[in-house]
Amino acid sequence: MANELPPNDVRSVWQNQGVEGTKMSLDEIRRKADRFRTGLRRQNRIAYILLAVLVGAFGWITLGFRPTNLIMRTGGCLVVLGCLYSGYQVYTRGGRRSGPADAGFADCLNFYRSELERLRDFHNAVWSRLLAVIPGYMVFCLGFAMAFRKGALVIAAIALIALALGVCGLWLQHWLGRRVQREIDALNAVEKQS
Amino acid sequence: MPQKDSIPAGTSKQDPLYEEAASGFGAALNRLARAYEADPDKRRDLLQEIHLALWRSFEKFDGRCSVRTWVYRVAHNAATSHIIRQRRAKTLAMVSLEELENLSDKNESELASDQRQALDRLLTLVQRLKPLDRQVIVSYLEGMDAASIAEITGISAGNVATKIHRIKSILARRFHEGGRHGE
């Protein structure tokens with residue numbers, strides 16, 4: 001066939017493609033490694049600051065603000081506990097791993113599976129973090145509405161919106177987690193074939 | 001957060017191993033980055049990530065496999081991490097070789113009259129594939145045999161051979177009317 005481009009020629013097209021700069025100096029590499037580490041620390045610091053603000057705000061409302069009732073205090077305590085749990089999750093799991101330093105030991109199939117498992121765990125962790133905060137927040141809003149009856153409708157509306165967003169978030173994370181799990185199952189099937 | 005892997009200033013064997021690998025495989029790593037990322041800016045970032053991962057990995061290189069296998073594993077794995085992070089924002093679903101074989105190419109009837117066009121079409125095809133299939137096709141295009149691809153990817157040589165057969169059939173079909181190479 002005159003117009004044919006056989007696979008071997010496709011290979012040569014691939015191998016002979018022009019490529020731009022191909023190397024980084026060791027100094028550049030070290031600078032990049034330092035920036036990467038700094039970025040990772042900054043990400044975690046932002047998460048801790050946000051959680052600290054929430055803990056401080058709900059702690060102050062729960063313990064120092066007057067007048068409050070028991071339901072509001074209970075809700076506030078639950079939110080604080082939920083935030084502390086989320087902070088612990090960030091501390092133990094972290095947002096991003098610091099790079100595939102061991103990547104050479106793992107073949108691509110195993111590495112890909114472990115990355116997908118990490119992604120699935122990330123979705124499940126978001127799910128559990130939302131679940132840790134939402135019930136306390138709802139109890140808190142109930143107590144708040146009972147304490148300030150004039151603004152009860154507004155508070156109920158805010159609580160319902162927060163609940164709806166939370167439920168949507170839970171559903172989305174659950175769906176994403178299941179989708180990733182299906183890919184993991186497909187990889188396991190490939191491994192069994194091997 | 002506890003630092004799981006600290007970044008050292010560079011061990012005595014790490015720097016020369018990286019320098020050697022970067023010199024020997026620099027162009028291949030660049031091509032590999034192109035297979036994983038179409039956007040030029042993101043591709044530059046990916047290439048830097050790959051080089052960083054490679055430099056860091058050589059701290060632990062123990063000669064259990066060849067440098068080539070090590071380099072390709074690290075590069076593919078770093079690129080896989082990259083597309084997993086990126087694809088949260090992407091809407092175009094990745095497909096397997098099997099699915100690709102059954103898909104019709106909208107531009108199949110158009111002539112890829114020169115190498116540039118053939119390369120663009122090839123990149124479009126490769127960038128649509130799921131990571132594992134992408135690793136196989138990139139390794140194939142780099143000229144590796146089934147055994148080497150199996151060592152890098154972790155798929156059995158038999159399974160790789162089946163995939164290569166499929167790749168050849170897809171390439172033959174997609175480039176059948178693809179213009180005369182080298183004319």
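Residues numbered from 1 in each chain as written. Chains lettered and ligands numbered in written order. Predicted model: local features only at pLDDT ≥ 70, side-chain atom pairs only at ≥ 80, totals over all residues.

Enquirer: Go over the overall build of chain B with me, naming the residues and quoting the values.
Expert: Secondary structure summary: chain B contains eight helices and zero strands in total. Walking chain B from its N terminus toward its C terminus, one meets helices and strands in the order α-α-α-α-α-α-α-α. Considering chain B as a whole, with its 183 residues, one finds that 42% of them fall into the buried category. Taking all contacts inside chain B whose residues are at least 6 apart in sequence as the whole, residues at least 24 apart take part in 69%. (Helix = DSSP H or I, 4+ residues; strand = E, 2+ residues; numbered from the N terminus. Buried ≥ 20, exposed ≤ 12 C-beta atoms within 10 Å, placed from the backbone. Contact = placed C-beta atoms within 7 Å.)

Enquirer: Explain the environment of G75 of chain A to me, and be specific about the residues and the numbers.
Expert: Residue and element names in this part refer to chain A. Following the sequence through the fold, G75 ends up in helix α3 (residues 70-93). Look at G75 and you get buried, because 25 C-beta atoms sit within 10 Å. The residues touching G75, leaving out its near neighbours within four places in the chain, are G136, Y137, V139, F140, L142 and G143.

Enquirer: Explain the environment of W175 of chain A residue by residue, including any values.
Expert: Among the secondary structure elements, W175 of chain A is positioned in helix α5 (residues 152-193). Residues W175 of chain A and I155 of chain A, spaced 20 residues apart in sequence, show a C-alpha to C-alpha distance of 30 Å.

Enquirer: Before we move on, can you summarise the domain arrangement of chain B with the specific residues and values?
Expert: Residue and element names in this part refer to chain B. Domains assigned within chain B are domain 1 (14-89) and domain 2 (97-174). Placing the centre of domain 1 and that of domain 2 at their C-alpha centroids yields a distance of 20 Å. Each partner contributes to the interface: domain 1 provides twelve residues, whereas domain 2 provides eleven residues. Taken together, the elements giving at least two residues each to the side of domain 1 that touches domain 2 come down to α1 (14-36) and α3 (67-86). (Domains from an automatic or database assignment.)

Enquirer: Could you give an account of the packing of helix α6 (residues 131-141) of chain B against helix α7 (residues 146-153) of chain B, with specific residues and numbers?
Expert: Residue and element names in this part refer to chain B. Contact pair α6 / α7: the axes reach a minimum separation of 10 Å and the direction vectors enclose 145 degrees. The two elements α6 and α7 cross, and the hand of that crossing is right-handed. Across the interface between the two elements, L132, Q135, V136, S139 and Y140 of α6 pack against I149, I152 and T153 of α7. Partitioned by chemical class, the residues of the contact of α6 with α7 number five nonpolar, three polar and no charged. (Axes fitted to C-alpha atoms, helices over the stretch in contact; angles between N-to-C directions. Left-handed = near helix turned anticlockwise from the far one by under 90°. Nonpolar A, V, L, I, M, F, W, Y, C, P; charged D, E, K, R; others polar.)

Enquirer: So what about helix α8 (residues 157-174) of chain B? Which residues, and what values?
Expert: All names here are of chain B. Under the 1.5 Å per step criterion, the end-to-end length of α8 is 25 Å for 18 residues, consistent within 8% with the ideal 26 Å. Every buried residue of α8 is listed here: V160, K163, I164, I167, L171 and R174. Down the axis of α8, the buried set is contained in an arc of 105 degrees. They therefore lie on one face. For α8, the exposed residues set more than 90 degrees away from the buried face come down to G158 and H165. (Expected span 1.5 Å × (residues − 1). Arc of directions from axis to C-beta.)

Enquirer: Provide a residue-level description of the confidence of the model for chain B, including the pertinent values.
Expert: All names here are of chain B. When pLDDT is averaged along chain B, the result is 80, and 79% of the positions lie at 70 or above. Averaged pLDDT values for the elements of chain B fall to 74 in helix α4 (residues 97-102) and rise to 93 in α7. Of the regions scoring below 50 in pLDDT, residues 1-7 engages in twelve contacts with residues more than four places distant in sequence or in other chains. Considering only residues more than four positions removed or in separate chains, one finds that residues 178-183, a stretch of pLDDT under 50, has 19 contacts. (pLDDT = per-residue confidence, 0-100.)

Enquirer: Provide a residue-level description of the nonpolar core, including the pertinent values.
Expert: Counting 62 residues, the largest nonpolar core has I50, L54 and A75 of chain B as its most contacted members. Looking at which element gives the most residues to this core, the answer is α1 of chain B, with ten residues. If you count residues domain by domain, this core takes at least three from each of domain 1 (14-89) and domain 2 (97-174) of chain B. Residue contacts for I50 of chain B: discarding those within four places in its chain leaves L29, A33, A75, A78 and A79 of chain B. Counting 15 residues, the second-largest nonpolar core is a separate cluster that includes M72, F140, F144 and I155 of chain A. (Core = buried A, V, L, I, M, F, W, Y, C linked by C-beta atoms within 7 Å.)

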